[in-house]
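Now for the letters of each chain:
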Amino acid sequence: MPVDLAHLRVEWRDQWDAAIISTERELGRWMRSGSASTLTAVTSLHYRRPEEADHLRVVDAIPVWWGMPTGVAPTGLLPRLFFQHFTNTSILVEDDDGALAAFLIGFRSASRPDTAYVHFVGVAPDLRGRGVARDLYERFFTMMREEGCTTVEAITGPINRGSQSFHRALGFTQGGDTDLDGVLAYRDYDGRGEHRVTFNRQL
Ligand SMILES: CC(C)(COP(=O)(O)OP(=O)(O)OC[C@H]1O[C@@H](n2cnc3c(N)ncnc32)[C@H](O)[C@@H]1OP(=O)(O)O)[C@@H](O)C(=O)NCCC(=O)NCCS
């Protein structure tokens, strides 16, 4: 029976990558339990600064990655300006084939220079649960500490329970003043009907 070498190679590479990522994750846990706090990823993922030309592919990924129904996904969540004016503090991740794997759009507050802010983070669905977002955040934390920031903030929607669990797992404190369907959140935080959960963490 002929052997499908191409398929085997992909399967092998996936297993190898997963093993490395999970090993790195365990190593990161071990390092964090001691004095070190940096997790260096050794995977087939490639990290770089986003460029203006990346805007459309990231925007196109949002409805799919966030699981939003086609046609009703809100637009304008991530305007082009973030790919023009905040690239030096943001991170884009691609796989070996150049496909978008993850991204983090963040910046240092212009009016509160001791505060860093994560505006958007996303990981491709097939790469989730492997520590990719944790690694992105830790890279961002390191960058912002070097800039002199002592606090990092983020927000998410009350319905985004996954994001809430993720931020709590990374040591963020969840903020709000109202119970919205069992979630502590700020009502009308971003406009009428735009309720949000806030997150805050020391760096
Ligand atoms: C939220 C998201 C970025 C997490 O990415 P990820 O790479 O799967 O997260 P990680 O593997 O790095 O997980 C880090 C920690 O968060 C926890 N976590 C992540 N997603 C979780 C979820 N959906 N439910 C519960 N816990 C979760 C993990 O258990 C892990 O905890 P541990 O390290 O203590 O074991 C990803 O699910 C995603 O892109 N979601 C859609 C976009 C989104 O909602 N972005 C956030 C709002 S802007």
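Worth saying up front: this structure is predicted, and the values here are computed from it rather than measured.

1. Details of the overall build of the chain
Looking only at helices and strands, the chain features five helices and nine strands. Taking as baseline every contact in the chain between residues at least 6 positions apart, the subset at least 24 positions apart corresponds to 57%.

2. With respect to the environment of Pro-113
Here Pro-113 is to be found in the loop between strand 3 (100–108) and strand 4 (115–123). The exposure class of Pro-113 is exposed, given the 12 C-beta atoms found within 10 Å. As for Pro-113 and Cys-149, which are separated by 36 residues in sequence, their C-alpha atoms are 6.6 Å apart.

3. Points about the sheet that holds strand 3
If you walk across this open sheet you meet the seven strands as 1-2-3-4-5-9-6, and the pairing is mixed. Lying at the two open borders of the sheet, with one neighbouring strand each, are strand 1 (46–48) and strand 6 (173–175). Across this sheet, the average inter-strand angle for adjacent strands is 25 degrees, counted without regard to direction. Taken together, the six bridges between strand 5 (residues 151–156) and strand 9 (residues 197–202) define a ladder with antiparallel strand orientation. Looking at strand 9, one finds that Ile-155 is bridged to Thr-198. Helix 2 (residues 55–65) rests against strand 3 and strand 4 of the sheet, and its axis sits at about 105 degrees to strand 3. Running at roughly 165 degrees to strand 5, helix 5 (residues 161–169) makes contact with strand 5, strand 6 and strand 9 of the sheet.

4. Some thoughts on the site of the ligand
Contacts to the ligand come from 20 residues, most closely from Arg-128, Ala-133, Arg-134, Gly-162 and Ser-165. The set of elements that each furnish at least two residues to the shell around the ligand consists of strand 4, helix 4 (132–146) and helix 5. Sorting elements by how many residues they give to the shell around the ligand places helix 5 first, with five residues. A breakdown of the residues in the shell around the ligand according to their chemical character gives nine nonpolar, eight polar and three charged.

5. Quick notes on the nonpolar core
Core analysis: the biggest nonpolar cluster contains 31 residues, and Ala-102, Phe-103, Leu-104, Ala-133, Leu-136 and Phe-140 have the highest contact counts within it. Of all elements in the fold, only strand 2 (91–94), strand 3, strand 4, helix 4, strand 5 and strand 9 reach the threshold of two or more residues within this core. If you tally residues by element for this core, the top one is helix 4, at seven residues. With sequence-adjacent residues up to four places away left out, Ala-133 is seen in contact with Ala-102, Val-121, Val-123 and Phe-166.

6. Notes on helix 5
Taken as a whole, helix 5 has its buried residues at Gln-164, Phe-166 and His-167. Looking down the long axis of helix 5, one finds its buried residues gathered within 165 degrees of arc, a one-sided arrangement. Exposed side of helix 5, more than 90 degrees from the buried face: Gly-162, Ser-165 and Ala-169 are the residues found there. Where helix 5 is buried, its residues meet helix 4, strand 5, strand 6 and strand 9. Where helix 5 terminates, the next one or two residues include Gly-171, which has phi positive at roughly 90 degrees.

The rules behind each value
- Counting restarts for each chain, with residues numbered from 1 along the sequence as it is written.
- It should be noted that, the model being predicted, local features are given only for residues of pLDDT at least 70 and side-chain atom pairs only at 80 or more, the latter also being counted only at that level, while totals for whole chains, interfaces and linings use all residues.
- To qualify as a helix, a DSSP run of H or I must reach at least 4 residues; to qualify as a strand, a run of E must reach at least 2; elements of each kind are numbered from the N terminus.
- What counts as a contact is two residues whose backbone-derived C-beta atoms lie within 7 Å of each other.
- Three exposure classes are used, all based on how many other C-beta atoms lie within 10 Å of a residue's own C-beta (placed from the backbone): buried at 20 or more, exposed at 12 or fewer, and partly exposed between those limits.
- Strands were regarded as paired on the criterion that DSSP finds at least two bridges between them.
- Fitted lines through C-alpha atoms give the axes, limited to the stretch in contact for helices. The angle between two N-to-C directions lies from 0 to 180 degrees.
- To decide nearness, the C-beta atom of each residue is placed from the backbone, and the residue is near a molecule or strand if that atom lies within 6 Å of it.
- Side-chain classes are defined by residue name, with Ala, Val, Leu, Ile, Met, Phe, Trp, Tyr, Cys and Pro counting as nonpolar, Asp, Glu, Lys and Arg as charged, and the others, Gly among them, as polar.
- Residues enter a nonpolar core if they are buried, belong to Ala, Val, Leu, Ile, Met, Phe, Trp, Tyr or Cys, and are joined to the set through C-beta atoms within 7 Å.
- For this quantity, the arc is that covered by the directions from the helix axis to the C-beta atoms.

It is worth stressing that arrangement in space is one thing and function is another; only the former is reported here.
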